[in-house]
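Spelled out, the chains give:
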Amino acid sequence: MEDKQSYWQENLRLIFICLAIWFVVSFGFGLLLVEPLNAIRLGGYKLGFWFAQQGSIYTFVGLIFWYGKKMNDLDKKYNVEDS
Amino acid sequence: MNKHTKTAILVAPILTILGFALADLWEESEAQQERAFELVPFGHCDVSNQKCILKSGEFEINVMDANGITTVNSTYPLDTATLFLVDKNNQAKPYQLGMKDSPYYWKRETPIGTLLSNKGDSAKLRVIIEIKGGKYFAEFYTQTTQ
């Protein structure tokens, strides 16, 4: 029972980290900090604009696989892997 | 592909769409707040010879005068355009311009051409432009060069 709770707590922690990263790249970099980031250029594009158009999507795709890997590790740790 | 990756792949598009919807709401509320920007002359300003460009970022207006008609041409459609002729006592006389065929061109008969008819003549002008999302203003001098 304690293991289940601990597993769920770590799972929630991972979800909140993912949501925080999702918020930072989409709203933080793409909207709230767009002006200061636009002072930086990435391959000719303004960085704030790039995050709003492409960077956030790339980060979301990266987050999918990162979350999958971290959850796999968690499954192994708590011995609840798919058979 | 394990169950967690599958779950994440299903959830990510929902968060992405939610993000875009919220970003749209945010941008809409930002656009409704009125803001003011200063237009700065780009090079020498000579209204009589159709060489007077004022800029603020990507927004540009060209102020020109020909045959007693003063015209303002802009890169974006305008809601209103008002030109002020400032005299030696710093008193400004407003001239509300009217739309000419499209919201990119605004014109009105003004005495600017008469005041600047000779080489070397100069005048102090002000302009206030209203555009969706803000106001643009400028105080500038025009001098006839030829």
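Worth saying up front: this structure is predicted, and the values here are computed from it rather than measured.

J.: Account for the overall build of chain B, naming residues and giving values.
T.: A tally of helices and strands in chain B yields two helices and eleven strands. Reading the secondary structure of chain B in the N-to-C direction produces α-β-β-β-β-β-β-β-β-β-α-β-β. Its C-alpha atoms give chain B a radius of gyration of 23 Å, clearly above 15 Å, the size a compact globule of 146 residues would have. In terms of principal-axis extent, the alpha carbons of chain B reach across some 80 × 30 × 25 Å. When each of the 146 residues of chain B is scored for burial, the buried share is 37%. Within chain B, contacts between residues at least 6 apart in sequence are counted, and of these 51% link residues at least 24 apart. Accessible surface, chain B as shown: approximately 8,800 Å² in total, 54% of it carbon and sulfur. Side chains of chain B give 15 positive and 17 negative charges; the mean places of these two sets differ by 2 Å.

J.: Describe the sheet that holds strand β5 (residues 69-74) of chain B, listing the residues and the values that go with them.
T.: All names here are of chain B. Ordered in space as β2-β3-β4-β5-β9-β8, the six strands form an open sheet in which the pairing is antiparallel. A strand with exactly one partner marks an edge of an open sheet, and here the two such strands are β2 (40-41) and β8 (98-100). Across three bridges, β8 lies against strand β9 (residues 102-109) in antiparallel orientation. Within β9, the position partnered with Met-99 by the bridge is Trp-106.

J.: Which residues make up the confidence of the model for chain A, and what are the values?
T.: Averaged over every residue, the pLDDT of chain A is 89; the share at 70 or more is 98%. Taken element by element, chain A is modelled with least confidence in strand β1 (residues 41-42) of chain A, mean pLDDT 85, and with most confidence in helix α3 (residues 47-77) of chain A, mean pLDDT 91.

J.: Residue-level account of a nonpolar patch on the surface, with values.
T.: Among the surface-exposed residues, Ile-57, Val-61 and Phe-65 of chain A together with Met-1, Ile-9 and Phe-20 of chain B lie close enough to one another that they form a single nonpolar patch of about 580 Å² accessible area. For the nonpolar patch, the secondary-structure elements that each account for two or more residues are α3 of chain A together with α1 (3-32) of chain B. Residue contributions to the nonpolar patch peak at three residues, all from α3 of chain A. Examined against the element boundaries, Phe-65 of chain A turns out to sit in helix α3.

J.: Give a detailed account of the side chain of Thr-71 of chain B, specifying residues and quantitative values.
T.: Residues and elements named next belong to chain B. Tracing the chain through its elements places Thr-71 in strand β5. According to the relative accessible area criterion, Thr-71 is buried, its value standing at 9%. Residues in contact with Thr-71, not counting those within four places in the same chain, are Asn-62, Val-63, Met-64, Lys-100, Tyr-105, Trp-106 and Lys-107.

J.: Could you give an account of the sheet that holds strand β6 (residues 80-86) of chain B, with specific residues and numbers?
T.: Residues and elements named next belong to chain B. Ordered in space as β1-β11-β10-β6-β7, the five strands form an open sheet in which the pairing is mixed. Each edge of the open sheet is held by one strand with a lone partner, namely β1 (36-38) and β7 (92-96). Direction aside, neighbouring strands of the sheet carry axes that sit 20° apart on average. Two strands pair when backbone bridges link them, and β1 and strand β11 (residues 134-143) are joined in this way by three bridges, in the parallel orientation. Among the inter-strand pairings, Phe-37 is bridged to a residue of β11, identified as Tyr-136.

J.: Describe in detail the pattern of salt bridges, supporting the description with residues and values.
T.: All told, the structure shown has five salt bridges over all chains when counted by the stated rule. Note that Lys-77 of chain A is salt-bridged to Glu-10 of chain A, the shortest N-O span being 2.8 Å. On the criterion of sequence distance, the pair formed by Lys-77 of chain A in helix α3 and Glu-10 of chain A in helix α1 (residues 2-32) is long-range, its members being 67 residues apart. What makes Lys-77 of chain A exposed here is its relative accessible area of 56%. We note a salt bridge from Lys-55 of chain B to Glu-60 of chain B, for which the minimum N-O separation is 3.6 Å. A relative accessible area of 28% places Glu-60 of chain B in the partly exposed class. The structure contains a network of salt bridges with shared partners spanning Lys-124, Arg-126 and Glu-139 of chain B.

J.: So what about the layout of surface pockets? Which residues, and what values?
T.: In this structure, the largest pocket encloses a volume near 840 Å³. In this structure, the largest pocket is lined by 22 residues; those nearest its centre are Glu-35 of chain A together with Glu-27, Arg-35, Phe-37 and Tyr-136 of chain B. Looking at which element gives the most residues to the lining of the largest pocket, the answer is α1 of chain B, with four residues. The class makeup of the residues in the lining of the largest pocket is ten nonpolar, five polar and seven charged.

Parameters at a glance
Residues numbered from 1 in each chain as written. Chains lettered and ligands numbered in written order. Predicted model: local features only at pLDDT ≥ 70, side-chain atom pairs only at ≥ 80, totals over all residues. Heavy atoms only, no water. Helix = DSSP H or I, 4+ residues; strand = E, 2+ residues; numbered from the N terminus. Rg over C-alpha atoms; globule rule 2.2 N^0.38 Å. Buried < 20%, exposed > 50% of the residue type's maximum accessible area, 1.4 Å probe, protein only. Contact = heavy atoms within 4.5 Å. Areas by Shrake-Rupley, 256 points an atom, 1.4 Å probe, with all protein chains shown as cover. Lys, Arg positive; Asp, Glu negative; His and termini not counted. Charge placed at Lys NZ, Arg CZ, Asp CG, Glu CD. Pairing = 2+ DSSP bridges. pLDDT = per-residue confidence, 0-100. Patch = residues over 30% accessible without salt bridge, like charges linked within 9 Å, V, L, I, M, F, W, Y side chains within 5 Å. Salt bridge = Lys/Arg side-chain N within 4 Å of Asp/Glu carboxyl O. Axes fitted to C-alpha atoms, helices over the stretch in contact; angles between N-to-C directions. 1 Å grid on protein atoms, 1.4 Å probe; cavity = no way out; pocket = protein on both sides within 12 Å on 5 of 7 lines; lining within 4 Å. Points joined across faces, edges and corners; volume = space filled by probe spheres on them. Nonpolar A, V, L, I, M, F, W, Y, C, P; charged D, E, K, R; others polar.

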